[in-house]
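# Structure assessment
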Amino acid sequence: MIEIESIVYALPEQVVSNDDLKATYPDWEMDELYRKTGVASRHIAAPNETAVDLAERACHELIAKGYDLEYDFDTLIFCTETPDHQIPPNSGVLHGRLKMPQTVCAFDISIGCSG
């Protein structure tokens, strides 16, 4: 049986609001932007922060919840619109950072622009 038991995520700490953007870009119509997108703020990664860094942080949340990355998982799926590089895939890098067993399958799902 295939089952998704848990989904985790991590967001960058820096948050930029529409008001912040308006201060930088006074000609932008922020009310119109919000009306069309529903976006009032967004998380912005630090200059050296990557998608794999965020995923690793999320996986540590699983560990804190009592999951054992060696025994509780048989597949790691990495979904992102912004992979860190083409090869190796983010899932392989994360698999290595977490020291997961070779029996754990790892693959990426690259999504396109959701807009």
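Residues numbered from 1 in each chain as written. Predicted model: local features only at pLDDT ≥ 70, side-chain atom pairs only at ≥ 80, totals over all residues. Heavy atoms only, no water.

## What to know about the pattern of salt bridges
According to the stated counting rule, one finds five salt bridges in the structure shown. We note a salt bridge from Lys-36 to Glu-32, for which the minimum N-O separation is 3.7 Å. Here Glu-32 and Lys-36 lie together in helix α2 (residues 30–37), a separation of four residues that amounts to about one turn. Judged by relative accessible area, Glu-32 falls into the partly exposed class, the value being 32%. (Salt bridge = Lys/Arg side-chain N within 4 Å of Asp/Glu carboxyl O. Helix = DSSP H or I, 4+ residues; strand = E, 2+ residues; numbered from the N terminus. Buried < 20%, exposed > 50% of the residue type's maximum accessible area, 1.4 Å probe, protein only.)

## As for the nonpolar core
Core analysis: the largest hydrophobic core is formed by eleven residues, namely Ala-51, Val-52, Ala-55, Cys-59, Leu-69, Leu-76, Phe-78, Leu-94, Leu-98, Met-100 and Val-104. Contributions of two or more residues to this core are made by α3 (51–64) and β3 (75–80). (Core = buried A, V, L, I, M, F, W, Y, C linked by side-chain atoms within 4.5 Å.)

## Structural notes on α3
Over its 14 residues, α3 extends 20 Å from the first C-alpha to the last, a length consistent with the 20 Å expected when each residue adds 1.5 Å. Within the sequence span of α3, burial applies to Ala-51, Val-52, Leu-54, Ala-55, Ala-58, Cys-59 and Leu-62. Seen along its axis, α3 keeps its buried residues to an arc of 155°; they face one direction. The inward-facing, buried residues of α3 contact β3 and α4 (90–97). Of the residues trailing α3, Gly-66 is marked for its positive phi of about 100°. (Expected span 1.5 Å × (residues − 1). Arc of directions from axis to C-beta. Contact = heavy atoms within 4.5 Å.)

## As for the packing of aromatic side chains
Evaluation of the coordinates by the stated rule reveals two aromatic pairs. Ring centres of Tyr-25 and Trp-28 lie 4.2 Å apart, and the angle between their planes is 10°; this geometry places the pair in the stacked category. Residue Tyr-25 is classed as partly exposed on the basis of its relative accessible area, which comes to 38%. Ring centres of Tyr-67 and Phe-73 lie 5.7 Å apart, and the angle between their planes is 45°; on these two criteria the pair is classed as tilted. (Phe/Tyr/Trp six-rings, centres within 6.5 Å; stacked < 30°, edge-to-face > 60°.)

## Some points on unusual backbone geometry
Here the residue pair Ile-87 and Pro-88 is connected by a cis peptide bond, since its omega of -5° sits within 30 degrees of zero. Mapped onto the fold, Pro-88 is located in the loop between β3 and α4. Even without a glycine there, the phi angle at Lys-99 is positive, about 55°. Among the structural elements, Lys-99 can be located in the loop between α4 and β4 (105–110). The exposed category is assigned to Lys-99, whose relative accessible area is 71%.

## Re the side chain of Thr-80
Its place among the elements puts Thr-80 in strand β3. You can call Thr-80 buried: its relative accessible area is 9%. Among the polar contacts made by the side chain of Thr-80, one reaches the main-chain amide nitrogen of Thr-82 at a distance of 2.9 Å. Apart from residues no more than four positions distant in its own chain, Thr-80 is found in contact with Ala-51, Asn-90, Ile-109, Ser-110 and Ile-111. (Polar contact = N/O pair within 3.5 Å; in protein donor to acceptor, adjacent residues only side chain to side chain.)

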